[in-house]
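Residues per chain are reported as follows:
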Amino acid sequence: MSDEVDVSNDKWDWFVSMQVRSAQHRTAEAEATGECLFCSEELPEGRRWCDADCRDGWQKMKGK
Ligand SMILES: [Zn+2]
């Protein structure tokens, strides 16, 4: 009786994993250095930009 719910959860998981994969692909050439790649602000490990504005600015700077 819960089959329909299970199927939609699977679809959602698939959708989310595809979104994550394509987001990783788009920025695959950028490596986290401990600093914002756009404005050189210090960042926690694993982060590449302060926020979406810096990421967008960086992508424009790279000509994408
Ligand atoms: Zn920044």
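This text goes with the structure placed above it.
Here goes a summary of the coordinates provided. This structure is a prediction, so every number in the text was calculated from the model and none was measured.

1. Re the overall build of the protein chain
Reasoning step 1: Helix and strand counts for the protein chain stand at two helices and zero strands.
Reasoning step 2: Looking at the protein chain as a whole, 6% of its 64 residues qualify as buried.
Reasoning step 3: Within the protein chain, contacts between residues at least 6 apart in sequence are counted, and of these 0% link residues at least 24 apart.

2. Details of unusual backbone geometry
Reasoning step 1: Located in the positive-phi region is S40, a residue other than glycine, with phi close to 65°.
Reasoning step 2: Along the chain, S40 falls in the loop between α1 (3-26) and α2 (52-61).

3. Remarks on the environment of G34
Reasoning step 1: Inspection of the secondary structure puts G34 in the loop between α1 and α2.
Reasoning step 2: Counting along the chain gives 14 residues from G34 to R48, while the straight-line C-alpha distance between them is 7.2 Å.
Reasoning step 3: Dropping the residues within four chain positions of it, G34 is found in contact with E42, L43 and E45.

4. Quick look at the environment of M61
Reasoning step 1: Secondary-structure assignment places M61 in helix α2.
Reasoning step 2: C-alpha of M61 to C-alpha of F38: the two residues are 23 residues apart in sequence and 8.5 Å apart in space.

Parameters and conventions
Residues numbered from 1 in each chain as written. Predicted model: local features only at pLDDT ≥ 70, side-chain atom pairs only at ≥ 80, totals over all residues. Helix = DSSP H or I, 4+ residues; strand = E, 2+ residues; numbered from the N terminus. Buried ≥ 20, exposed ≤ 12 C-beta atoms within 10 Å, placed from the backbone. Contact = placed C-beta atoms within 7 Å.

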